[in-house]
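For reference, the chains in residue letters:
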Amino acid sequence: MTHKLNDKIALITGGNSGIGRATALLFAQEGAKVVIAARNREKADATLAQIQQLGGTAVFVACDVRQPEDCLHAAEFAVQKFGRIDVLFNNAGIVPSGTILETSLETWADTWQTNVSGTFFVTRSVLPFMIQQGSGVIVNNASDWAMVGGQNAAAYCASKGAIVSLTKSLALDHARQGIRVNAVCPGDTYVERWDSRLNPGQDRENWLLEVGQNFPLGRVGMAEEIARAVLFLTSDDSSYMTGQTLVIDGGNTAGGTSAKY
């Protein structure tokens with residue numbers, strides 16, 4: 001059976017939870033060998049075990065994307081383990097809330113260091129290997145709010161907007177070296193950290209249905225749906241795409257705003 005990522009080597013930051021975890025599982029099912037670069041080893045072990053149960057191959061490397069030396073180590077580890085890096089999914093990130101006046105200098109700095117500098121550090125570490133082999137695909141995780149902005153999320157929106165612009169620059173700089181660079185822009189997507197918003201005894205499914213009424217499709221997204229978009233951008237199905245942003249948001253930004261539906 002032919003898979004979309006047969007024998008490809010994929011490095012995924014933040015691949016131990018949420019969209020990163022869903023993407024790691026899907027990549028493994030599609031034939032890739034997966035390197036999960038993340039801070040939390042315990043969460044990663046659960047993902048690795050599930051991939052192995054599916055008959056896939058995956059390994060873990062400790063990596064805090066805020067630290068350039070960690071990012072370089074992760075890239076070198078992947079190459080030492082598997083000989084190359086074909087796919088990079090820059091997924092690790094944080095989602096702080098607050099207006100500018102409510103955002104502390106520490107939160108601003110950490111958001112930028114994690115979301116923007118982290119993407120920069122990992123990409124900078126991986127690119128030399130991709131350039132040497134003459135091929136590679138990079139997908140950056142941005143946000144639908146990178147396209148239109150959103151309320152009560154000043155630092156987050158700024159960081160994700162920067163990722164969209166960085167994606168375009170990377171695509172132009174490295175297209176002739178056989179490297180494609182695109183971004184996914186997820187809308188409201190259920191991931192594990194959402195459970196912290198639940199009140200004691202509140203039913204998750206009913207709550208998700210209620211939240212979903214804010215969007216044209218009437219529901220929130222699921223991590224697996226974003227993973228399928230990442231797979232599309234990393235496979236040959238998107239072979240003539242680079243420098244693009246793929247928005248998966250249930251129609252949230254179709255009218256040019258992120259207002260409540």
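Computed from a prediction, not measured in an experiment: that's the story for all the values here.

Some remarks on helix H2 (residues 41–53)
In a regular helix each residue adds 1.5 Å, so 13 residues correspond to 18 Å; H2 covers 18 Å between its end C-alpha atoms and thus fits that length. Of the positions making up H2, those classed as buried are Ala44, Thr47, Leu48 and Ile51. With its buried residues spanning 105° around the axis, H2 presents them on a single face. With respect to the buried face of H2, the exposed residues turned more than 90 degrees away are Glu42 and Gln53.

Description of the side chain of Asn140
Looking at where Asn140 falls in the secondary structure, it is placed in strand E5 (residues 136–141). Those residues in contact with Asn140 that lie beyond four places of it in its chain are Asn90, Thr119, Ile163, Thr167, Leu170, Val181, Asn182, Ala183 and Val184.

Some remarks on the state of the cysteines
Under the defined criterion, the tally for this structure stands at zero disulfides. Free cysteine Cys185: the closest other cysteine sulfur is in Cys157, separated by 12 Å.

Digging into the nonpolar core
In globular proteins that are soluble, nonpolar side chains generally tend to be buried together. Ranked by internal contacts, the top residues of the largest apolar core, which has 39 residues, are Phe27, Val34, Ile36, Phe89, Val184, Trp194 and Val220. Counting residues per element, the ones that place at least two in this core are strand E1 (9–13), helix H1 (18–29), strand E2 (33–38), H2, strand E3 (57–62), strand E4 (87–90), helix H7 (204–212) and helix H8 (223–234). In contact with Val184, other than residues within four places in its own chain, are Phe89, Val139, Asn140, Asn141, Ala142, Ser143, Ala229, Val230, Leu233, Leu246 and Ile248. Of all hydrophobic cores here, the second largest spans 25 residues; its members include Ala75, Val122, Val126 and Met130.

Details of the pairing of E1
Counted residue by residue, E1 has five buried out of five residues, so it is predominantly covered. Residues Ile9, Leu11 and Thr13 of E1 are buried on one face, and the alternating residues Ala10 and Ile12, pointing to the opposite face, are buried as well. Pairing analysis gives five bridges linking E1 to E2, with the strands arranged parallel. Residue pairing across strands places Ile9 opposite Lys33, the latter belonging to E2. As for the winding sense of the linkage, the β-α-β connection from E1 through H1 to E2 is right-handed. Strand direction decides the pairing type here: E1 and E4, joined by three bridges, are parallel. Counted as the bridge partner of Leu11 is Leu88 from E4.

Digging into the environment of Thr245
Looking at the element boundaries, Thr245 is found in strand E9 (residues 245–248). Separated by 104 residues in the primary sequence, Thr245 and Asn141 place their C-alpha atoms 9.5 Å from one another. Those residues in contact with Thr245 that sit more than four places away from it in its chain are Met147, Val164, Ala183 and Cys185.

Regarding the sheet that holds E3
An order of E3-E2-E1-E4-E5-E6-E9 is seen for the seven strands of this open sheet, with the pairing classed as parallel. Two strands close off the open sheet at either side, each with one partner strand: E3 and E9. Taken pair by pair, the neighbouring strands of this sheet meet at an average axis angle of 20°, ignoring direction. In this sheet, strand E6 (residues 179–186) lies alongside E5 in parallel orientation, the contact comprising six bridges. Residue pairing in the sheet places Ile138 in a bridge with Val181 of E6. H2 rests against E2 and E3 of the sheet, and its axis sits at about 170° to E3. Here helix H4 (residues 105–133) sits on the sheet in contact with E1, E4, E5 and E6, set at roughly 175° to E4.

Rules used in this analysis
Residues numbered from 1 in each chain as written. Predicted model: local features only at pLDDT ≥ 70, side-chain atom pairs only at ≥ 80, totals over all residues. Heavy atoms only, no water. Helix = DSSP H or I, 4+ residues; strand = E, 2+ residues; numbered from the N terminus. Expected span 1.5 Å × (residues − 1). Buried < 20%, exposed > 50% of the residue type's maximum accessible area, 1.4 Å probe, protein only. Arc of directions from axis to C-beta. Contact = heavy atoms within 4.5 Å. Disulfide = S-S within 2.5 Å. Core = buried A, V, L, I, M, F, W, Y, C linked by side-chain atoms within 4.5 Å. Pairing = 2+ DSSP bridges. Right-handed = clockwise from strand over helix to strand, strands pointing away. Axes fitted to C-alpha atoms, helices over the stretch in contact; angles between N-to-C directions.

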